Amino acid sequence: MKAILGTIGSATCLAAVLALTASTAPAQNLLVDPSFESGVFALPNGFPPSSAGGGWAAFGSSISTAAANSGTHSALINDNTWNPQGVYQWLTASPGEQYSLSANYMTTTGAGYATPVLVQLSFFDSAGAGAGAFGPWLSTPALNSWTTGNVTQIAPANAAYVGAYLMFMDNNGANGNTMYFDDISLTATVVPEPASLALLGLGLVSGLIWRRRQ
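Each value, and the rule that gives it
Residues numbered from 1 in each chain as written. Predicted model: local features only at pLDDT ≥ 70, side-chain atom pairs only at ≥ 80, totals over all residues. Heavy atoms only, no water. Helix = DSSP H or I, 4+ residues; strand = E, 2+ residues; numbered from the N terminus. Buried < 20%, exposed > 50% of the residue type's maximum accessible area, 1.4 Å probe, protein only. Areas by Shrake-Rupley, 256 points an atom, 1.4 Å probe, with all protein chains shown as cover. Pairing = 2+ DSSP bridges. Axes fitted to C-alpha atoms, helices over the stretch in contact; angles between N-to-C directions. Phe/Tyr/Trp six-rings, centres within 6.5 Å; stacked < 30°, edge-to-face > 60°. Contact = heavy atoms within 4.5 Å. pLDDT = per-residue confidence, 0-100.

Below, the discussion takes up the overall build of the protein chain. Regarding its fold elements, the protein chain presents two helices and eleven strands. Listing the helices and strands of the protein chain from first to last along the sequence gives α-β-β-β-β-β-β-β-β-β-β-β-α. Within the span of the protein chain, comprising 214 residues, buried residues form 41% of the whole. Summing over all exposed atoms, the protein chain offers an accessible surface of approximately 10300 Å²; the carbon and sulfur share of this is 59%.

Across a sheet, strands are paired by hydrogen bonds formed along the backbone, either parallel or antiparallel in direction. Here five strands make up an open sheet; going across it, the order is E2-E3-E11-E5-E9 and the pairing antiparallel. The sheet terminates laterally at strand E2 (61–64) and strand E9 (147–154), the two strands that pair on one side only. Averaged over all adjacent pairs, the angle separating strand axes in this sheet is 30°, with direction ignored. Note that strand E3 (residues 74–78) and strand E11 (residues 178–189) share four bridges and pair antiparallel. Residue pairing across strands places Leu76 opposite Tyr180, the latter belonging to E11.

The element strand E6 (residues 117–124) is largely enclosed, with a buried count of eight among its eight residues. Neither face of E6 is left uncovered, since the one carrying Val117, Val119, Leu121 and Phe123 and the one carrying Leu118, Gln120, Ser122 and Phe124 both have all their residues buried. Two elements, E6 and strand E8 (residues 137–138), share two bridges in a ladder whose sense is antiparallel. Looking at the pairing, Leu118 lines up with Trp137 of E8.

Right, let's get into the pairing of strand E5 (residues 98–106). For E5, the tally of buried residues reaches seven of nine residues, placing the bulk of the element in the interior. Relative to E9, E5 runs antiparallel, the two sharing eight bridges. For Leu101, the partnering residue across the bridge sits in E9 and is Val151. In the sheet, E5 pairs with E11 via eight bridges, with the strands oriented antiparallel. Within the sheet, the bridge partner assigned to Asn104 lies in E11 and is Asp182.

Another point: the packing of aromatic side chains. Within this structure, the stated rule accounts for eleven aromatic pairs. Centre to centre, the rings of Phe59 and Tyr88 are 6.0 Å apart; their planes meet at 50°, and the pair counts as tilted. Of this pair, Phe59 sits in strand E1 (residues 57–59) while Tyr88 sits in strand E4 (residues 85–92), placing them 29 residues apart in sequence. Measuring from ring centre to ring centre gives 6.1 Å for Phe123 and Phe134, while their planes differ by 65°; the resulting arrangement is edge-to-face. Of the two residues, Phe123 is situated in strand E6 and Phe134 in strand E7 (residues 130–134); the sequence distance between them amounts to eleven residues. Under the relative-accessibility criterion, Phe123 is labelled buried at 1%.

The next thing to look at is the environment of Ser122. With respect to the helices and strands, Ser122 occurs in strand E6. Judged by relative accessible area, which is 5%, Ser122 ranks as buried. For the pair Ser122 and Ala164, spaced 42 residues apart in the sequence, the C-alpha separation amounts to 6.6 Å. Among residues more than four places away in sequence, those in contact with Ser122 are Gly132, Ala133, Tyr161, Val162, Gly163 and Tyr165.

Moving on: the confidence of the model for the protein chain. Close inspection of predicted coordinates is inappropriate in any region flagged by low pLDDT. Averaged over the protein chain, the pLDDT score is 84; the fraction of residues at 70 or greater is 77%. Contacts for the low-pLDDT stretch residues 4–23, under 50 throughout, to residues beyond four places or in other chains number 24 contacts. Here residues 195–200 scores under 50 on pLDDT; set against residues more than four positions off or in separate chains, the count is nine contacts.

Our focus in this paragraph is the environment of Gln28. By the element assignment, Gln28 lies in the loop between helix H1 (2–24) and E1. When the C-alpha atoms of Gln28 and Thr187 are compared, they prove to be 5.9 Å apart, with 159 residues separating the residues in sequence. Discounting residues that sit within four places of it in the chain, Gln28 has contacts with Leu186 and Thr187.

Right, dumping it as structure tokens:
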């Protein structure tokens, strides 16, 4: 009986570990040209959903070599009175997966508006219609200091695409303020299903029973 319990406990623990390994492995950055080192925006603003995975598009933004968190390039966004401007990139999404967006941003001029920066995850259905946008407006960073903004969200059931959006809006008007973005990361993580968590619990219980009977 001890041998049987030991075998069951060991096998169950191993199965649970294997089931959860995919969700704990280091996540890969899904973005194309995440540090803007190509020196160009690959797609036009308003590209069709079929172009998802083709790189960055921009509105009111440019590539700059004046400041960079790493490398030599960054995305530069100038203020535009009350209108947000920025860069964005779409990729195909899997419903139920957890997406995490991280972006470094910095200003050399300051920004009059208290929360001028947006690091946002947006989801879209197969037709390209919005399926949810997540991420609060962030505060002005310290002058000449790179700051990191993060947002994490699980893709909704109707999500076919996920978009990484980086925007700047200085509501105090056209004051010549600027914002730089660099070293952007978008990762996807498979969220363990209840069955996998139950399997892990069963493995732990079986292991404890086996140890107590030794």
